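Listed below are the residues making up each chain.
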Amino acid sequence: MTTTIESPELIEPEEPGGPDAHGPGGHGPEDHGPDHAHEHHGPTGILNWITSTDHKVIGKSYMITSLVLFFISGAMALVIRGQLADPTSSLVNFQTYNELFTMHGSLMLYLFAGPFAFGGLANYIVPLQVGAPDMAYPRLNALSYWLYLGGSSMMTFSFVVAGGAASFGWVAYAPLSNSINSPGAGTDMWLLSLGLTGFSAIFTGVNLVATIFYLRAPGMTMFRVPIFSWNMLVTGILILIAFPVLFGAVVMLFCDRHFGTHIYSVSGGGVPVLWQHLFWFFGHPEVYILALPYFGIVTDIIPAFSRKPLFGYRGMVFATLSIAALSTGVWAHHMFTTGVVLLPFFSLLSYLIAVPTGIKFFNWIGTMWGGQLSFQTPMLFSMGFLFAFLMGGVTGVLLASPPVDFMTHDTYFVVAHFHQVLIGTTVFAGFAGFYFWYPKMFGRMLNERLGKLHFWFLFVGFWVTFVPQYLVGLRGMPRRIADYLPTNGWTFLNEMSTVGAMIIGFSFLFFFVNLVTSWRNPVPAGDNPWDGGALEWFTSSPPPHHNFTHLPPIRSERPTWDYNHPEHRKDESHGDKRHREHEQKEPETVGAPS
């Protein structure tokens with residue numbers, strides 16, 4: 001599959017070259033600036049945002065929407081922590097509390113963590129990294145965003161309907177979610193929202209897989225694709241495996257609620273635990289659908305700030321594939337206490353999935369080892385991810401042991417583990433990617449000092465919030481409760497956790513100030529402020545409508561680095577040079593796979 005959009009000509013590195021030869025990108029504006037063939041003709045302003053099928057506009061729309069939902073969900077978390085800071089607090093009533101923790105988890109997991117990565121960052125960055133002019137199916141891409149916006153709006157506004165929002169927890173276990181225990185339109189809106197956003201994710205998965213397989217630039221073989229795009233390819237495949245299962249489970253629950261079926265009802269011959277099997281068969285691949293994009297972000301950032309190529313590129317690819325394969329076989333470790341699953345099998349697979357994750361850590365450390373490290377804001381957030389995810393992973397190994405799981409099941413130990421894993425990825429790695437690619441998307445820099453203040457307050461608040469939750473969980477505090485007795489001995493740890501949550505909330509004030517400062521007093525970023533190596537750093541910042549007017553030779557996973565630093569390229573044999581000359585004589589088409 002190819003595209004007929006005007007093909008950029010292949011250009012060779014100039015001698016001598018380097019990052020300062022023609023400005024930040026190492027090449028002059030005449031090499032990549034938009035020409036008349038690449039100008040966008042059509043609506044402007046808000047109408048452009050509404051009607052556009054440009055992957056860059058859609059990616060920004062996803063990021064803006066998901067960040068709004070992130071801050072709404074974060075405000076809910078602060079109310080939850082305020083309620084739990086005092087044993088007999090009456091900040092909110094029990095019903096409101098149940099709605100808040102249900103919607104907090106739902107917004108964070110379904111509407112922020114995934115859409116920010118595979119809807120936002122991937123939409124914007126993947127076509128640039130593989131040298132494509134757009135996503136493979138631009139109109140389907142636009143439809144996926146509007147489905148996401150509709151579904152997320154439906155879930156968020158369920159608070160205003162009669163009976164309030166869903167209140168059965170973000171996992172919606174049967175029979176808590178049936179029409180008797182959870183009556184009202186709020187629950188139905190929650191289910192319909194999952195259906196809409198599920199289709200949105202499936203369409204995005206199709207687009208990512210097709211784009212990476214079929215629209216790669218000439219020379220961009222699969223083992224030259226940057227790791228972020230590799231991870232998005234694997235994530236797209238996992239989406240196509242997992243989300244149809246969730247959609248089927250949601251449809252059956254909706255039928256139980258409205259059409260008199262008894263799929264999850266014992267009274268009609270159904271099996272309530274079937275919901276858990278279906279939900280977690282989606283839910284554990286979903287954990288890695290959320291994690292793998294953020295692994296890819298960090299894998300692109302660490303080499304840039306270590307001034308080294310990625311250590312163990314192919315090992316990272318195969319580790320990603322191993323994680324994806326194993327993630328489809330560990331769903332029942334969420335169900336150890338049900339008594340209906342084979343404990344040794346699922347425990348062993350849960351241990352095994354730590355091995356490829358450990359390989360990734362080894363390669364990240366190997367990349368930094370001996371490098372010229374520069375701890376700018378994206379690198380700081382990446383380091384925060386490494387520490388946070390490592391702690392979450394270690395406690396995950398503990399929970400993979402059935403005896404430990406029996407003791408800690410449904411306690412705050414599990415809550416702390418889950419938040420360490422997901423905040424470690426979606427927040428630390430997610431904002432690392434935001435700070436890293438913001439100059440590419442908007443052509444201006446964010447303030448380093450404000451970015452570092454954002455990181456340090458977030459990092460301190462993160463540990464102050466969740467370490468006490470491990471301890472209070474080991475002391476027996478169950479999850480999903482709105483109050484407790486002063487004599488339980490949980491008060492001080494809950495107060496500490498609440499203080500930490502307030503610090504996290506305060507940290508984002510620096511983020512807002514940074515954004516406002518960037519727009520009021522812009523500092524031009526140049527095309528390649530980090531001296532990055534992947535293909536997205538070759539084009540202008542922000543890119544022209546169809547991304548590229550020229551492409552560099554692609555002979556590694558770092559074509560921009562090769563072009564900007566010809567003195568670091570390995571000597572080529574005479575045969576390689578002849579092959580390169582032959583490549584130049586052939587007309588190139590953007591998106592033609594190698």
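Figured I'd write up the structure that's included with this text. (Residues numbered from 1 in each chain as written. Predicted model: local features only at pLDDT ≥ 70, side-chain atom pairs only at ≥ 80, totals over all residues. Heavy atoms only, no water.)

### Details of the overall build of the chain
As a reminder, the rule being used: We count a stretch as a helix when DSSP gives it H or I for four or more residues in a row; a strand needs E for two or more, and each element gets its number in order from the N terminus. Type-normalised accessible area, obtained with a 1.4 Å probe on protein chains alone, sets the label of each residue: buried when under 20%, exposed when over 50%, and partly exposed for intermediate values. Contacts between residues were defined by any pair of non-hydrogen atoms, one from each residue, lying within 4.5 Å. Using a 1.4 Å probe, accessible areas were evaluated by the Shrake-Rupley method; residue-level cover was limited to the displayed protein chains.
For the chain, the helix and strand inventory stands at 18 helices and 2 strands. Per-residue burial over the chain gives 58% buried out of 594 residues. A fraction of 82% describes how many contacts in the chain between residues 6 or more apart in sequence connect residues 24 or more apart. When the accessible surface of the chain is totalled, it reaches about 23000 Å², and 67% of it is carbon and sulfur.

### Some points on the environment of Gly236
Within the element layout of this structure, Gly236 appears in helix 7 (residues 227-258). Its relative accessible area of 0% is what places Gly236 among the buried residues. Beyond its immediate stretch of four places on either side in the chain, Gly236 contacts Gly205 and Val209.

### Comments concerning the side chain of Asn207
Secondary-structure assignment places Asn207 in helix 6 (residues 185-214). Residue Asn207 is classed as buried on the basis of its relative accessible area of 0%. Among all residues touching Asn207, those that are not within four sequence positions of it are Met135, Ala136, Tyr137, Leu140 and Asn141.

### Brief notes about the pattern of salt bridges
Counted only if it meets this: A carboxyl oxygen of Asp or Glu within 4 Å of a side-chain nitrogen of Lys or Arg is what we treat as a salt bridge.
Taken as a whole and judged by the stated rule, the model has 6 salt bridges. For the salt bridge of Asp410 with Arg480, the shortest nitrogen-to-oxygen distance reads 3.2 Å. Here Asp410 is found in the loop between helix 13 (402-408) and helix 14 (412-442), whereas its partner Arg480 is found in the loop between helix 15 (448-474) and helix 16 (491-520), with 70 residues between them in sequence. By relative accessible area, which is 29% here, Asp410 ends up partly exposed. The partner of Glu448 in a salt bridge is Lys452, and the shortest N-O contact between them spans 3.9 Å. Of this pair, Glu448 and Lys452 are both found in helix 15, 4 residues apart, which corresponds to roughly one turn of the helix. Judged by relative accessible area, Lys452 falls into the partly exposed class, the value being 31%.

### Some words on empty space enclosed by the protein
The line we're drawing: Note on definitions: the grid is 1 Å and covers protein atoms alone; a cavity is a set of points where a 1.4 Å probe fits but cannot get out; a pocket is an open set with protein on both sides within 12 Å along at least five of seven lines; lining residues have an atom within 4 Å of a point. Grid points are joined across faces, edges and corners, and a volume is the space filled by probe spheres set on the points. Following the grouping adopted for this structure description, the nonpolar residues are Ala, Val, Leu, Ile, Met, Phe, Trp, Tyr, Cys and Pro, the charged ones are Asp, Glu, Lys and Arg, and the polar ones are all others, Gly among them.
Scanning all chains against the criterion turns up 6 cavities of 30 Å³ or more. Forming the walls of the largest cavity are 21 residues, and the residues nearest its centre are Asp300, Pro303, Gly533, Ala534 and Arg558. Residue classes in the lining of the largest cavity are distributed as 10 nonpolar, 4 polar and 7 charged. Counted as a void, the second largest cavity has a volume near 130 Å³. Forming the walls of the second largest cavity are 16 residues, and the residues nearest its centre are Tyr110, Pro115, Thr197, Ala201 and Phe243. Contributions of two or more residues to the lining of the second largest cavity are made by helix 4 (94-130), helix 6, helix 7 and helix 8 (273-306).

### Thoughts on the nonpolar core
In summary, soluble globular proteins display a tendency toward joint burial of nonpolar side chains. The condition that has to hold: Residues grouped as a nonpolar core are buried Ala, Val, Leu, Ile, Met, Phe, Trp, Tyr and Cys residues, joined through side-chain atoms within 4.5 Å.
Counting residues in hydrophobic clusters, the biggest one holds 160 residues, and the most contacted among them are Trp190, Trp275 and Phe428. By residue number, the principal contributor to this core is helix 4, which donates 21 residues. Contacts of Trp275, omitting those with residues within four sequence positions, involve Val171, Ala172, Tyr173, Ala174, Ala249, Val250, Leu253 and Tyr264. Counting 5 residues, the second largest nonpolar core, distinct from the first, contains Leu399, Val414, Ala416 and Tyr470.

### Remarks on unusual backbone geometry
For the bond from Ala174 to Pro175, the omega torsion is 5°, close enough to zero to count as cis. Relative to the elements of secondary structure, Pro175 occurs in the loop between helix 5 (138-156) and helix 6. Cis geometry is adopted by the peptide bond preceding Pro542, which originates at Ser541 and carries an omega value of -10°. Mapping Pro542 onto the fold places it in the loop between helix 16 and strand 2 (550-551). We note that Arg480 has phi near 65°; this positive angle belongs to a residue other than glycine. Residues other than glycine seldom take positive phi values, yet Asp531 does so here, at roughly 55°.

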